[in-house]
Amino acid sequence: MPGAKLDEIDRMILAELQADGRMTNVELARRVGISAPPCLRRVRTLEEQGYIRGYHADVDPRELGFDVSVFVMVRLVSQSEAELSAFEARCGGWPLVRECHMLNGEVDFILKCVAPDLRSFQSFLTGELTSAPNVASVKTSLVIRNAKAEPGVPFDVLEERLARKA
């Protein structure tokens, strides 16, 4: 089971850093109940093993003038691995695309996009996305408001699952 090879302290470290990645190592160590040197070693190990992928500021797009958020459902003509990979690479080069997820079902990909305004998004949509090779269809849904944006994973659910397995 994923997460099972981590001990309780490692999971506590991950939960604390997920909630506040800016806290000092001393504060983190205090919260998880160990001294600072082993806490730092554990954090470095979690980073090296890929459990911690990075540290990021939660930037408010609207405060920076990105007032439009759109979810874009993309269906491709061909779903060969080469075409799927090519589309993913293309998405990596589009600055307005902030997330790209391959799906199972009627839609091949869902993209989360941000733009300063509708005109900018429309320009991207018609000038780049719909004209991209292998794109069969595109459907968009404009975000009215965001009711929840919780990063990471629910550690309480992980702990419940691990307790049931024990």
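Figured I'd write up the structure that's included with this text. Starting afresh in each chain, residues are numbered from 1 along the sequence in its written order. It should be noted that, the model being predicted, local features are given only for residues of pLDDT at least 70 and side-chain atom pairs only at 80 or more, the latter also being counted only at that level, while totals for whole chains, interfaces and linings use all residues. No hydrogens and no water enter the side-chain calculation; it runs on all heavy atoms of the structure.

### Overview of the overall build of the chain
Then comes step 1: Every helix listed is a DSSP run of H or I at least four residues long, and every strand listed is a run of E at least two residues long, numbered separately from the N terminus. In terms of helices and strands, the chain carries 6 helices and 4 strands.
Then comes step 2: Listing the helices and strands of the chain from first to last along the sequence gives α-α-α-β-α-β-β-α-β-α.
Then comes step 3: Taking 2.2 N^0.38 as the reference for a compact globule, 166 residues should give roughly 15 Å; the C-alpha atoms of the chain span a radius of gyration of 20 Å, well beyond that estimate.
Then comes step 4: The dimensions of the chain, computed from C-alpha atoms along their principal axes, are 55 × 40 × 25 Å.
Then comes step 5: Whether a residue is buried, partly exposed or exposed follows from its accessible area with a 1.4 Å probe, protein chains only, as a fraction of its type maximum: under 20%, in between, or over 50%, in that order. Every one of the 166 residues in the chain was classed for burial, and the buried ones make up 27%.
Then comes step 6: Here, residues are in contact when the closest pair of their heavy atoms is within 4.5 Å. Sequence separation of at least 24 residues holds for 63% of the intrachain contacts in the chain that already meet a minimum separation of 6.
Then comes step 7: Where accessible areas are quoted, they stem from the Shrake-Rupley method and a 1.4 Å probe; at the residue level, only the protein chains shown are allowed to cover. Of the roughly 11,300 Å² of accessible surface on the chain, a fraction of 51% belongs to carbon and sulfur atoms.
Then comes step 8: Charged residues are defined narrowly, with Lys and Arg counted positive, Asp and Glu counted negative, and His plus the chain ends left uncounted. A charged residue contributes its charge at one atom only: NZ of Lys, CZ of Arg, CG of Asp or CD of Glu. Here the chain holds 21 positive side-chain charges and 24 negative ones, and the gap between their average locations is 2 Å. The globule rule is 2.2 Å times the number of residues to the power 0.38, and the radius of gyration it is compared with is taken over C-alpha atoms.

### As for the pairing of strand β2 (residues 97-102)
Then comes step 1: Looking at chain direction, β2 and strand β3 (residues 109-115) are connected through 5 bridges and run antiparallel. Its bridge partner lying in β3, Val97 is registered against Cys113.
Then comes step 2: Here, any two strands with at least 2 DSSP bridges between them count as paired. The loop that links β2 with its antiparallel partner β3 comprises 6 residues; one of these, Gly105, has a positive phi angle of about 130°.

### Here we look at the layout of surface pockets
Then comes step 1: Counted as a void, the largest pocket has a volume near 2,200 Å³.
Then comes step 2: Around the largest pocket, the lining comprises 46 residues; the ones closest to its centre are His56, Asp58, Glu150, Pro151 and Gly152.
Then comes step 3: Every element with two or more residues in the lining of the largest pocket is listed here: α1 (8-19), β1 (68-76), β2, β3 and α6 (155-165).
Then comes step 4: Looking at the lining of the largest pocket, the element that brings in the most residues is α1, giving 5 residues.
Then comes step 5: Within the lining of the largest pocket, the residues separate by chemical class into 25 nonpolar, 8 polar and 13 charged.
Then comes step 6: Reported domain spans reflect what an automatic or database domain assignment gives. Composition of the lining of the largest pocket by domain shows at least three residues from each of domain 1 (1-58) and domain 2 (62-142). A pocket here means an open set of points on a 1 Å grid, computed over the protein atoms alone, that has protein on both sides within 12 Å along at least five of seven lines. A cavity is instead a set of points where a 1.4 Å probe fits but cannot get out; residues with an atom within 4 Å of a point line either one. Grid points are joined across faces, edges and corners, and a volume is the space filled by probe spheres set on the points. Gly counts as polar in this scheme, as do all residues outside two lists: the nonpolar Ala, Val, Leu, Ile, Met, Phe, Trp, Tyr, Cys and Pro, and the charged Asp, Glu, Lys and Arg.

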